[in-house]
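Structural description and commentary
The chain contents come next:
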Amino acid sequence: MAGGWPLGARLGIGVRPARDGVALVTATGEVDIATVPSLRAALAPLAADPAVRLLVCDLSKVTFFGCAGISVLLDARATLANRDARLRLVATGRVVVRPLAVMRMLDLLPVSPDVRTATL
């Protein structure tokens, strides 16, 4: 596949572990049915970690965001909410914000313009 992502590498995930109760997961590329297992694998253990009080998911470099991604985020949010912790998203473009708005998820999945703002 010349010029494109190698098979299985359309989504890059970076994880910065909990520090002062905050963990950061950064996604780069496409979030779709084929790549959500990687996103889930990054978010689920952090969402279940009692040391994490705020989980920030930076989606500002996501180039495609499908409904499967919303499902994974809602699962992480539910796990966090069960122990009074929070999930915040970072996104600036329509790629992520538009699907969340169309599905009326912006109240459940708050979006911040940058990581600094999300951690306040």
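All of the points below concern the structure found in this document. (Residues numbered from 1 in each chain as written. Predicted model: local features only at pLDDT ≥ 70, side-chain atom pairs only at ≥ 80, totals over all residues. Heavy atoms only, no water.)

**Overview of the sheet that holds strand β1 (residues 11-19)**
With mixed pairing, the five strands of this open sheet are ordered in space as β1-β2-β3-β4-β5. Pairing within the sheet leaves two strands with one partner each, and these edge strands are β1 and β5 (111-112). In this structure, strand β2 (residues 22-31) lies alongside strand β3 (residues 54-65), joined through nine bridges in parallel fashion. Residue A23 lies in a different strand from β3, and its bridge partner there is L55. Each of β2, β3 and β4 (86-90) is contacted by helix α2 (residues 67-81), which is oriented at about 180° to β3, the strand it contacts most. (Pairing = 2+ DSSP bridges. Helix = DSSP H or I, 4+ residues; strand = E, 2+ residues; numbered from the N terminus. Contact = heavy atoms within 4.5 Å. Axes fitted to C-alpha atoms, helices over the stretch in contact; angles between N-to-C directions.)

**A few points about the nonpolar core**
One recurring pattern in soluble globular proteins: nonpolar side chains tend to sit buried together. In this structure, L43, L55, L59, F65 and L73 are the most contacted members of the largest nonpolar core, which totals 31 residues. Among all residues touching F65, those that are not within four sequence positions of it are V31, L59, I70, L73, V95, V96, P99 and L100. One finds L24, V56, V90 and A118 within the second-largest nonpolar core, a separate group that totals five residues. (Core = buried A, V, L, I, M, F, W, Y, C linked by side-chain atoms within 4.5 Å. Buried < 20%, exposed > 50% of the residue type's maximum accessible area, 1.4 Å probe, protein only.)

**Some details on unusual backbone geometry**
At D84, a position not held by glycine, the phi torsion is positive, near 60°. Looking at the element boundaries, D84 is found in the loop between α2 and β4. Using a relative accessible area of 67% as the deciding quantity, one classes D84 as exposed. If you check the backbone angles, R104 has positive phi at about 55° while not being a glycine. Mapped onto the secondary structure, R104 falls in the loop between α3 (94-102) and β5. Judged by relative accessible area, which is 73%, R104 ranks as exposed.

**Re α2**
Helix length check: α2 (15 residues) gives 21 Å between terminal C-alpha atoms against 21 Å at 1.5 Å per residue, within 8%. Considering only its buried residues, α2 is in contact with β2, α1 (36-48), β3, β4 and α3. (Expected span 1.5 Å × (residues − 1).)

**Points about the pattern of salt bridges**
When their charged atoms lie close together, side chains carrying opposite charge are able to pair. For the structure on display, the rule yields three salt bridges. Where D32 meets R10, a salt bridge forms, and the shortest distance between an N and an O atom there is 2.5 Å. Taken together, the residues span a long stretch of sequence, with D32 in the loop between β2 and α1 and R10 in the segment before β1 at a distance of 22 residues. Owing to a relative accessible area of 12%, D32 belongs among the buried residues under this scheme. The network of salt bridges with shared partners includes R10, E30 and D32. (Salt bridge = Lys/Arg side-chain N within 4 Å of Asp/Glu carboxyl O.)

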